[in-house]
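Spelled out from the first residue to the last, the chains are:
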Amino acid sequence: MTTATDTGTFTPRPGAAPLPRMIAAQAALETRMLLRNGEQLLLTVVIPTLLLVLFSSADIVDTGSGRSVDFLAPGVLALAVMSTAFTGQAIATGFERRYGVLKRLASSPLPRWGLMAAKTASVLVTEILQVILLTVIALALGWSPHGNPLAVLLLLVLGTAAFSGLGLLMAGTLKAEATLAAANLVFLLLLVGGGVIVPLDKFGGAQSALGLLPISALSDGLRDVLQHGAGTPWGDLGILAVWAVLGLAAAGRFFRWE
């Protein structure tokens, strides 16, 4: 015979899960979706890997004195951050917005800032996998990194924040098709003119202006630390911090969920 106490024990208690659990579940979902998407996987893993192997193995671009891999590895790490935090996130979020996914998620118990936190966590998880993979490949190619790991971490975190803000701003203001085209175009332009593969001093008078781009600041900062063993690159960190603040503030102000 079931007593009142027994009945109460099995009475459903509907309600939202704890916020950390919701964010963790959404971040895991975002990560799986990111890694299953063929185009994003191409941008985030395949292209940086191919560039690192190709330009390190063949004397295609004059990277100055020393081994090519020592110059290229930091730049490719910066490219991996840009491809994930900016290009991949902008395209994925743009199409989620178009198909009403964001609108539906916004009506769920997960708050909007929690959704953004989950997307950011997904980006960071993907970047960790990228950095590990690219580091292993670069070491196999003869890379000898130097410098302070904390300075590298600061550069990667600020670079992620800067590119994430710009990616969300693009995804939240443009149509999905326009975001797809613009994100890929920016990726190609910054790949060529951001000091990733070609040193900025090859661009003559445009070097100063190009040096203010987030990809240039990130690649140069990583190169100063990992290739030359320099201390904390405060100038490059400052540039990335400005881009991060402006990008995230603009994304928060102008992002349209529908």
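Residues numbered from 1 in each chain as written. Predicted model: local features only at pLDDT ≥ 70, side-chain atom pairs only at ≥ 80, totals over all residues. Heavy atoms only, no water.

Caption draft 1: Seen up close, the overall build of the chain. Assigned secondary structure in the chain consists of 11 helices and zero strands. Secondary structure elements of the chain, listed N to C terminal, follow the sequence α-α-α-α-α-α-α-α-α-α-α. Taken along the three principal axes of its C-alpha coordinates, the chain extends 85 × 40 × 35 Å. Looking at the 258 residues of the chain, the share that counts as buried comes to 45%. (Helix = DSSP H or I, 4+ residues; strand = E, 2+ residues; numbered from the N terminus. Buried < 20%, exposed > 50% of the residue type's maximum accessible area, 1.4 Å probe, protein only.)

Caption draft 2: Just the packing of helix α4 (residues 68-98) against helix α8 (residues 176-193), in detail. Where α4 contacts α8, the two axes come as close as 8 Å, and the packing angle between them is 170°. Classified by the interaxial angle, the pair formed by α4 and α8 is roughly antiparallel. Side by side, α4 and α8 meet where Leu79, Met82, Ser83, Phe86, Thr87, Ala90, Ile91, Gly94, Phe95 and Arg98 of the first sit next to Ala176, Glu177, Thr179, Leu180, Ala183, Asn184, Val186, Phe187, Leu190 and Leu191 of the second. Residues of the contact of α4 with α8, tallied by class, amount to 13 nonpolar, five polar and two charged. (Axes fitted to C-alpha atoms, helices over the stretch in contact; angles between N-to-C directions. Parallel < 35°, antiparallel > 145°, perpendicular 65-115°, else oblique. Contact = heavy atoms within 4.5 Å. Nonpolar A, V, L, I, M, F, W, Y, C, P; charged D, E, K, R; others polar.)

Caption draft 3: Here's a closer look at the packing of helix α10 (residues 214-226) against helix α11 (residues 234-254). One can describe the packing of α10 onto α11 by two numbers: an axis separation of 9 Å at closest approach and a directional angle of 150°. As far as their axial angle goes, α11 and α10 are roughly antiparallel. The chirality of how α10 crosses α11 is left-handed. Facing Pro214, Ala217, Leu218, Asp220, Gly221 and Asp224 of α10, the residues of α11 in contact are Asp236, Ile239, Leu240 and Trp243. When its residues are assigned to classes, the contact of α10 with α11 shows six nonpolar, one polar and three charged. (Left-handed = near helix turned anticlockwise from the far one by under 90°.)

Caption draft 4: The arrangement of the UniProt feature "transmembrane region" (unreviewed entry) in the chain in detail. As recorded in UniProt, the feature "transmembrane region" (unreviewed entry) lies at residues 41-60, 72-95, 116-144, 150-171, 178-200 and 237-255. A distance of 25 Å separates the end C-alpha atoms of residues 41-60, which is 85% helix and 0% strand. As annotated, residues 116-144 comprises 86% helix and 0% strand, and the C-alpha atoms at either end are separated by 36 Å. (UniProt positions renumbered as here; feature names shortened; annotations may be inferred.)

Caption draft 5: Summary view of a nonpolar patch on the surface. On the surface, a cluster of nonpolar side chains totalling about 290 Å² of accessible area is made up of Leu35, Leu41, Val125 and Leu129. The residue leucine 41 is located in helix α3 (residues 38-57) in this model. (Patch = residues over 30% accessible without salt bridge, like charges linked within 9 Å, V, L, I, M, F, W, Y side chains within 5 Å. Areas by Shrake-Rupley, 256 points an atom, 1.4 Å probe, with all protein chains shown as cover. Salt bridge = Lys/Arg side-chain N within 4 Å of Asp/Glu carboxyl O.)

Caption draft 6: Region of the structure containing the packing of aromatic side chains. On inspection of all chains with the given rule, the structure shows one aromatic pair. A cation sits over an aromatic face here: arginine 223 above phenylalanine 71, 3.8 Å from the ring centre. (Phe/Tyr/Trp six-rings, centres within 6.5 Å; stacked < 30°, edge-to-face > 60°. Lys NZ or Arg CZ within 6 Å of the ring centre and 35° of its normal.)

Caption draft 7: The side chain of threonine 31, seen in detail. Within the secondary structure, threonine 31 sits in helix α2 (residues 19-36). Taking the relative accessible area as the measure of exposure, threonine 31 reaches 11% and is therefore buried. Look past the residues within four positions of threonine 31 in its chain and what remains in contact with it is Ser122, Val125 and Thr126.

Caption draft 8: Representation of the nonpolar core. Core analysis: the largest hydrophobic core is formed by 47 residues, its most contacted members being Leu52, Met82, Phe163, Ile197, Leu218 and Leu222. Looking at this core, the elements that each hand over two or more residues are α3, α4, α6 (112-140), α7 (149-173), α8, α10 and α11. It is α4 that contributes the most residues to this core, 15 residues altogether. The next biggest cluster of nonpolar side chains, apart from the first, holds 12 residues, and it includes Met22, Ile23, Ala27 and Ala251. (Core = buried A, V, L, I, M, F, W, Y, C linked by side-chain atoms within 4.5 Å.)

Caption draft 9: Focus on α10. End to end, α10 covers 18 Å across 13 residues, agreeing with the expected 18 Å (1.5 Å per residue, within 8%). Across the 13 residues of α10, 11 count as buried, placing the element largely inside the fold. Along α10, the residues classified as buried are Pro214, Ile215, Ser216, Ala217, Leu218, Ser219, Gly221, Leu222, Arg223, Val225 and Leu226. In this structure, the buried residues of α10 make contact with α4, α7, α8, α9 (207-210) and α11. (Expected span 1.5 Å × (residues − 1).)

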